[in-house]
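# Topology and contacts: notes
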Amino acid sequence: MRPFRYVRASDVASAAHQVAANPAAKFLAGGTNILDLMKEDVERPNELVDLNRLDLTRIAAANGGVSIGALAKNADTANHPLIRKSYPLLTQAILAGASAQLRNMATNGGNLLQRTRCQYFYDTAMPCNKREPGTGCGAREGLNRMHAILGWSEKCVAVYPGDMANALYALEAVVRVRGPGGRERTIPIGDFHRLPGDTPERDNNLEHGELIVAIDLPKSGFAKNSYYLKVRDRASYAFALVAVAAALELEGGRVRQARVVLGGVAHKPWRSREAEAALADRPASEESFRRAADAALKDAKPLAHNAYKVELGKRAIVRALMRASRLA
Amino acid sequence: MDESPPPDDPILTDDEERLLDELGIVGAARRRFLGYGIAGGVGLFALRLLASEGARAAAPTPAAIPASASGLEGAVRVVVKINGENRTLDLDPRTVLLDALRERLGLTGTKKGCDQGQCGACTVIVDGRRVLSCLTLAATLDGRSVTTIEGLAKGEELHPMQAAFIRHDAFQCGYCTPGQICSAVALLEEARRGDASHVTEDVSGAPRLTDDEIRERMSGNICRCGAYPGIVAAIQEVHSGKRAAKTWRFVEPEELARVRKEDNEAV
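Figured I'd write up the structure that's included with this text. Here, residues in each chain are numbered from 1, in the same order as that chain's written sequence. Following the order in which they are written, the chains are lettered starting with A and the ligands numbered starting with 1. Per-residue local features of the predicted model are confined to residues with pLDDT of at least 70, and side-chain atom pairs are confined, for both listing and counting, to 80 or more; whole-chain, interface and lining totals are unaffected and use all residues.

This brings us to unusual backbone geometry. Positive phi, close to 65 degrees, is recorded for D41(A), a residue that is not glycine. Helical segments are the DSSP runs of H or I of at least four residues, strand segments are the runs of E of at least two, and each set is numbered from the N terminus. Here D41(A) lies in the loop between α2 (34-39) and β3 (47-50). Backbone geometry at N83(B) places phi at a positive 50 degrees, although glycine is not the residue there. Locating N83(B) in the fold gives a position in the loop between β1 (76-82) and β2 (85-91). Here N83(B) falls in the partly exposed class, since 17 other C-beta atoms lie within 10 Å of it. Using C-beta atoms placed from the backbone, we call a residue buried if 20 or more other C-beta atoms fall within 10 Å of its own, exposed if 12 or fewer do, and partly exposed for counts in between.

What follows is the structure, encoded as structure tokens:
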């Protein structure tokens, strides 16, 4: 690992200021992703600003919903009574990711910022536009079984690896961030992550030095009928091939409102408004779910090795909706 | 099913006699060692493991390693409670907890497996929660409390989870075992709190710790030897407080002779 300066931040303002002042500085929270990437020489900060002493760990009812602190641990968030009761989709999504040890370490803010697990991004001997802009994409013509089928560009076919953000998107969460000048702004979770386009080196829309302070969950009517389905190569402790965050509001067997977000298929959590439109005001039935699934994957453009994700994605959507509506 | 002889009357195979001789465990030490081992239904491999760990514990490694690296540029001072004892360390900021434990404090029970958060061999308990020491920057632990595999036993008395692992032969090569045991100890606390897992059917309620729940909750600890059945049995036993049937025993000489004869006939 390359040398770096270690700084313990004592408050949000000085933490943001410290990082903003140095283009090569990074925040350190749980460390589960950045330390790994530093060992691999993919991330090369010359300064780490440790946020672990900041008071951003609260999870509390707010504005009819729940606000979760950026530095609350994933495990604490998943198991918080308010989340388990009102946002079981979020609990399921968090518990579908990583291992118990990692969930004890990883924070909510850090989880949103985890970087792709594309093997070309990790391997410094390979070209990667995300790691080193302008070097090309190794995965585009290489091994791309794990890669994107939606929203990719010639510059980058990597996928966002997380689970939590998929559920947050289905719940229409809002990310609260604070900049070095103390300026606070909110970013709807759907606008937080980016598609690769011509700038795959940018995973999200945070400015350098901006710090996530909380994630706000609005009041939700989905608690009764939601389900997070993650399909992976082994039963546990693996990244998604395809994941589905499904949430329904049902009324007399009909869908009043639906949310369908896919994970493992794009550079960001992929919300399918097409699927949601196909579900709305229709009976909650397998037939209707199939139509929604077809709509969601209609524009999929698979790569050489991941055409399986199209059919897998459709079946996963149907199954997740069946579970969410308690038909299966 | 437990066919081990009582501890005061140990009957050893020739191989076991030879192993103990090689290890220099004789006389009173041998009797004590055997009582300890056989009471837990310990096998030949476990004997070897316990003996080598014992030998290492007796070696004066920690004192020989300076706890403070003087003249270190940008060093960070941390005071961490390790297994109940405050330790002051001046660290290169890059030092992860795993390396601080092994290289600076001589606590080699915590194992370095993948060193990138994928295998769980380096699992330790920080402030009561299991974490991966390979991805924990030691500098972040100032004022915190770390329990490693060396801190679980009370003197000569093994932690119940350690004893259960031995009883259920929950390891083969033993490399992942310290991480498995630390993970399992913390798992029971999580289950006691009512934490949910990926396989919990209804996350709004507190789940029962079934074998499936244990398997999912231990999925962050990989065992290359595949000792999983024993690991699940050991955890289930400590959780339930009910002694589970031992699923293995030493082979009887007649059985061995029969198998050898069959092998020869097959050739």
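Structure shown, so let's carry the discussion forward.
We now examine the environment of D11(A). All names here are of chain A. Within the secondary structure layout, D11 lies in the loop between β1 (5-8) and α1 (12-20). Taking the C-beta count within 10 Å as the criterion, D11 has 11 such neighbours and is therefore assigned exposed. Sequence separation between D11 and L56 is 45 residues, and the spatial gap between their C-alpha atoms is 9.8 Å.

We now examine the pairing of β2(B). Residues and elements named next belong to chain B. As judged from the seven bridges shared by β1 and β2, these two strands associate in the antiparallel manner. Each bridged residue has a counterpart across the sheet, and for R77 the counterpart in β2 is D90. The hairpin turn running from β1 into β2, its antiparallel successor, is two residues long, and N83 in that turn takes a positive phi close to 50 degrees. When DSSP finds two or more bridges between two strands, those strands count as paired.

The next point concerns the nonpolar core. Residue and element names in this part refer to chain A. Within the largest apolar cluster, 167 residues are counted, with the highest numbers of intra-cluster contacts made by L89, V244, A245, A292 and I317. It is strand β10 (residues 242-251) that provides the largest number of residues to this core, a total of seven residues. In this view, I317 contacts V244, V260, A275, F289, A292, A293 and A296; residues no more than four positions away in its chain are not counted. Only buried residues count toward a nonpolar core: Ala, Val, Leu, Ile, Met, Phe, Trp, Tyr and Cys, linked into one set through C-beta atoms within 7 Å. Residue pairs are scored as contacts if the distance between their C-beta atoms, which are placed from the backbone, is within 7 Å.

Turning our attention to the interface of chain A and chain B. Each side of the interface is counted separately: chain A has 30 residues, and chain B has 32 residues. Counting only elements with at least two residues in the side of chain A that touches chain B, the list comes to β1, α2, α4 (81-86), α5 (88-95) and α6 (100-105) of chain A. Examining the composition of the side of chain A that touches chain B, we find that five residues originate from one element, α6(A), more than from any other. In this classification, the charged set is Asp, Glu, Lys and Arg, the nonpolar set is Ala, Val, Leu, Ile, Met, Phe, Trp, Tyr, Cys and Pro, and all remaining amino acids, among them Gly, are polar. A breakdown of the residues in the side of chain A that touches chain B according to their chemical character gives 14 nonpolar, ten polar and six charged.

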